[in-house]
Amino acid sequence: MRRPVAIVTALVLFGEAVGIVLINAVLATVAENQHMSLAGMDPDAMSAGTWVMGGVSGLLLVLCGLIALIAGIRDRAPGRVGRIVLIGCAVVHGVLGAFTVGLVGWAAFAFMMVVLALLVLTLLSYGPESRPQAQRPELTPTAP
């Protein structure tokens with residue numbers, strides 16, 4: 001069960017990366033075409049910042065997706081750094097999910113929670129294995 005979950009998590013993160021880059025591309029284009037500024041900031045800086053933010057966010061989501069995909073293909077838990085990256089990704093999805101309720105709506109919140117659930121399920125399914133208990137010698141009754 002854990003292999004398909006990790007692979008589905010990776011595919012969803014790859015799709016989300018594409019979506020984030022596309023959304024930021026639209027926002028950057030609109031900010032540039034409308035010459036928008038925030039508190040007197042240069043409109044070109046707003047547009048460039050939006051492009052950079054979209055690219056960095058997309059790359060981070062692709063990195064998280066690659067970690068989950070490699071874990072699913074190898075059927076092994078990600079290393080320490082990989083687990084930290086996936087935990088960070090899960091925390092970001094939880095926080096952004098809370099913000100999206102008011103800003104975007106319940107559908108976006110539901111999507112963010114589905115991604116969060118997939119990340120947590122991937123992390124838990126590849127959690128530490130139960131360690132075998134040390135071999136104890138069998139106690140045999142002694143003859144009187």
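One can find the structure itself at the top, above this paragraph.
Only a predicted model underlies this, so the values are computations on that prediction, with no experimental measurement involved. (Residues numbered from 1 in each chain as written. Predicted model: local features only at pLDDT ≥ 70, side-chain atom pairs only at ≥ 80, totals over all residues. Heavy atoms only, no water.)

A.B. asks: Outline the packing of aromatic side chains, supporting the account with residue identities and numerical values.
C.D. replies: Evaluated as defined, the whole model comprises one aromatic pair. Plain terms: the ring middles of Trp106 and Phe109 are 5.5 Å apart, the flat faces sit at 85 degrees to each other, and that makes the pair edge-to-face. Highlighted residues: Trp106 and Phe109, both in helix 4 (residues 106-125), separated by three residues, approximately one helical turn. Overall, the relative accessible area of 24% leaves Phe109 in the partly exposed class. (Phe/Tyr/Trp six-rings, centres within 6.5 Å; stacked < 30°, edge-to-face > 60°. Helix = DSSP H or I, 4+ residues; strand = E, 2+ residues; numbered from the N terminus. Buried < 20%, exposed > 50% of the residue type's maximum accessible area, 1.4 Å probe, protein only.)

A.B. asks: Describe the side chain of His93, and please don't skip the residues or the numbers.
C.D. replies: Structurally, His93 can be placed in helix 3 (residues 80-103). One polar contact links His93 to Glu16, side chain to side chain, over a distance of 2.8 Å. Polar contacts involving the side chain of His93 include one to the main-chain carbonyl oxygen of Cys89, which spans 2.8 Å. Discounting chain neighbours no more than four positions away, the residues touching His93 are Leu13, Glu16, Leu61, Met112, Met113, Val115, Leu116 and Leu119. (Polar contact = N/O pair within 3.5 Å; in protein donor to acceptor, adjacent residues only side chain to side chain. Contact = heavy atoms within 4.5 Å.)

A.B. asks: For the layout of surface pockets, give the residues involved together with the corresponding values.
C.D. replies: One number sums up the size of the largest pocket: a volume of about 820 Å³. As for the largest pocket, its lining consists of 23 residues, of which Glu16, Ile20, Ser57, Leu96 and Met112 are closest to the centre. Among the elements that line the lining of the largest pocket, the one with the most residues is helix 3, at eight residues. Residues belonging to the lining of the largest pocket are distributed by class as follows: 17 nonpolar, five polar and one charged. (1 Å grid on protein atoms, 1.4 Å probe; cavity = no way out; pocket = protein on both sides within 12 Å on 5 of 7 lines; lining within 4 Å. Points joined across faces, edges and corners; volume = space filled by probe spheres on them. Nonpolar A, V, L, I, M, F, W, Y, C, P; charged D, E, K, R; others polar.)

A.B. asks: Any details on the environment of Pro78? Residues and values, ideally.
C.D. replies: Checked against the element boundaries, Pro78 lands in the loop between helix 2 (43-74) and helix 3. C-alpha of Pro78 to C-alpha of Ile67: the two residues are eleven residues apart in sequence and 6.9 Å apart in space. Beyond its immediate stretch of four places on either side in the chain, Pro78 contacts Ile67, Ala71, Arg83, Leu86 and Tyr126.

A.B. asks: Please set out the state of the cysteines residue by residue, giving values where relevant.
C.D. replies: Enumeration over the complete set of coordinates arrives at zero disulfides. The structure places no disulfide on Cys64, whose sulfur is separated from the nearest cysteine sulfur, that of Cys89, by 3.6 Å. For Cys89, a relative accessible area of 7% puts it in the buried group. (Disulfide = S-S within 2.5 Å.)

A.B. asks: Report on the nonpolar core, specifying residues and quantitative values.
C.D. replies: Grouped together as the largest cluster of nonpolar side chains are twelve residues: Leu13, Ala17, Leu61, Cys64, Ile67, Leu86, Cys89, Ala90, Val115, Leu116, Leu119 and Leu123. If you list the elements that add at least two residues to this core, you get helix 1 (2-33), helix 2, helix 3 and helix 4. Tallying contributions element by element places helix 4 first for this core, with four residues. Those residues in contact with Cys89 that lie beyond four places of it in its chain are Leu13, Leu61, Cys64 and Leu119. (Core = buried A, V, L, I, M, F, W, Y, C linked by side-chain atoms within 4.5 Å.)

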